[in-house]
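Spelled out from the first residue to the last, the chains are:
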Amino acid sequence: MALDTRAVHAGRDDLVDLGVHAVPLDFSTTYPARDSAAEAARLDTFATGEMDGGLPIYSRVSNPTVERFESAIAELEGCQTAVAFASGMAALSACLLASVVQGKPHVVAVRPLYGTTDHLLESGLLGTFVTWAAADEVASAIRPDTGLVVVESPANPTLTEVDIAAVTEAAGPVPVLVDNTFATPVLQRPVEHGARITMHSATKFLGGHGDVMGGVIACDEEYARVLRQLRFVTGGVLHPMAGYLLLRGLSTLPVRIRAASATAAELARRLADHPKVERVHYPRIGGALVSIEVTGDPCAVVSEVRVITPAVSLGSVDSLIQHPGSLTHRIMPPDAREDAGISEQLLRLSIGLEDVEDLWQDLDQALVKA
Ligand SMILES: *Cc1c(COP(=O)(O)O)cnc(C)c1O
């Protein structure tokens, strides 16, 4: 079936048999059971990261509402399974820890990346150490202790596209993690290009309304077991309410992405001719994000917009604008920021569902004033 159909029904296929229309939201932290011996056997299974499909035991191990979201995103990404976390950074942290515990703490990463991802890799706070490589230098950067290759495409905030198939081929047996937050499975499915691990900050397009934080890794069952073990001990679980909202968000994801992409592409076209705009970045695969380099003061543009929301984050129904040099990518070393093409003049726009003419007028007046 088509992605649009599965986006509405994935994770909900049993609702008719249950006799309910809305997804059941289960807030239990613990689940009563009289047979301790049976529970003991199940816990032994869970300790390996394997799920047995039975009743839940404790909500740090699993939650039925969250599992619905996990199975839905796995299906949309074309992966065997998915493991949800409290945020995108919790999801990424689990992958880095998975490399560390497997004795392969070296990470090869391609800049630019989301600012906090860059910071986590650069700082080595979780015991990893990074080699920054250009996309076509990945093969030579890999060592015997390399446990992970990390890329983002389109990348934040320059919207640079990485050839995922070329990177996975260069990586050989080393798992490649693709942060697919910007593209979503509507525009790109990294697993189809050979990536083993697809990551999302679900906080962005998957939720889609700026009111829920979450992260998710879609992958194969073998890798998921390691992630579940790590989630069980570190406790970075997704709240059931968040799982509910994210599943609801998935049902409108294709419609939202297509509508926002059409508006973003039109704005990108018009911005290219604007006298206050020096350069427009818009990826070939499309999407809701547009970045521009302005001739005037970028921060003044942010303060002058009236329809567009001046805020970090992205992927909401409302359009957002921010200055990466001041906000999302502040935490990067300034020379690395420059090397990654993140100029001080750069502004990142996340286009929402407003009318294109209203957005254009708002942008135009802000650019002219700045
Ligand atoms: C926001 C974001 C993250 C981090 O996700 P959180 O949910 O904020 O923890 C990671 N990668 C990308 C591309 C993002 O936009």
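All figures in this text were calculated on a predicted structure; none of them were measured in a lab.

A.B. asks: Mind showing me how you'd approach the domain arrangement of the protein chain here?
C.D. replies: Note: interface size is frequently given as the accessible area lost on complex formation between the parts. Domain annotation of the protein chain identifies domain 1 (3-251) and domain 2 (254-369). One C-alpha centre belongs to domain 1, the other to domain 2; they are set 27 Å apart. Contacts between the two partners involve 34 residues from domain 1 and, on the opposite side, 33 residues from domain 2. Summed over both partners, the interface of domain 1 with domain 2 buries about 2,700 Å², with 67% contributed by carbon and sulfur atoms. Connecting domain 1 to domain 2 are two salt bridges. Of the charged contacts in the structure, one is a salt bridge between Asp4 and Arg258, with a shortest N-O distance of 2.7 Å. Applying the counting criterion to the domain 1 and domain 2 interface returns 13 residue pairs in polar contact (both at pLDDT 80 or more). Mapped by element, the contributors of at least two residues to the side of domain 1 that touches domain 2 are α1 (3-9), α6 (115-123), α9 (184-187) and α11 (240-271). Residues of the side of domain 1 that touches domain 2, tallied by class, amount to 15 nonpolar, 13 polar and six charged.

A.B. asks: How do you make sense of the packing of α11 against helix α14 (residues 356-369) when you look at a structure like this?
C.D. replies: Pairs of packed helices are described in terms of their axes, by the angle between the two and the distance that separates them. Following both chains from N to C, one finds α11 and α14 inclined at 35 degrees, their axes separated by 10 Å at the closest point. Crossing hand, α11 versus α14: right-handed. When α11 is examined against α14, the residues Thr263, Glu266, Leu267, Arg270 and Leu271 are found in contact with a partner set consisting of Val356, Glu357, Leu359, Trp360, Leu363 and Leu367. Among the residues making up the contact of α11 with α14, the classes are represented as seven nonpolar, one polar and three charged.

Criteria and cut-off values
Residues numbered from 1 in each chain as written. Predicted model: local features only at pLDDT ≥ 70, side-chain atom pairs only at ≥ 80, totals over all residues. Heavy atoms only, no water. Domains from an automatic or database assignment. Contact = heavy atoms within 4.5 Å. Buried area = accessible area lost by both parts, 1.4 Å probe. Salt bridge = Lys/Arg side-chain N within 4 Å of Asp/Glu carboxyl O. Polar contact = N/O pair within 3.5 Å; in protein donor to acceptor, adjacent residues only side chain to side chain. Helix = DSSP H or I, 4+ residues; strand = E, 2+ residues; numbered from the N terminus. Nonpolar A, V, L, I, M, F, W, Y, C, P; charged D, E, K, R; others polar. Axes fitted to C-alpha atoms, helices over the stretch in contact; angles between N-to-C directions. Left-handed = near helix turned anticlockwise from the far one by under 90°.

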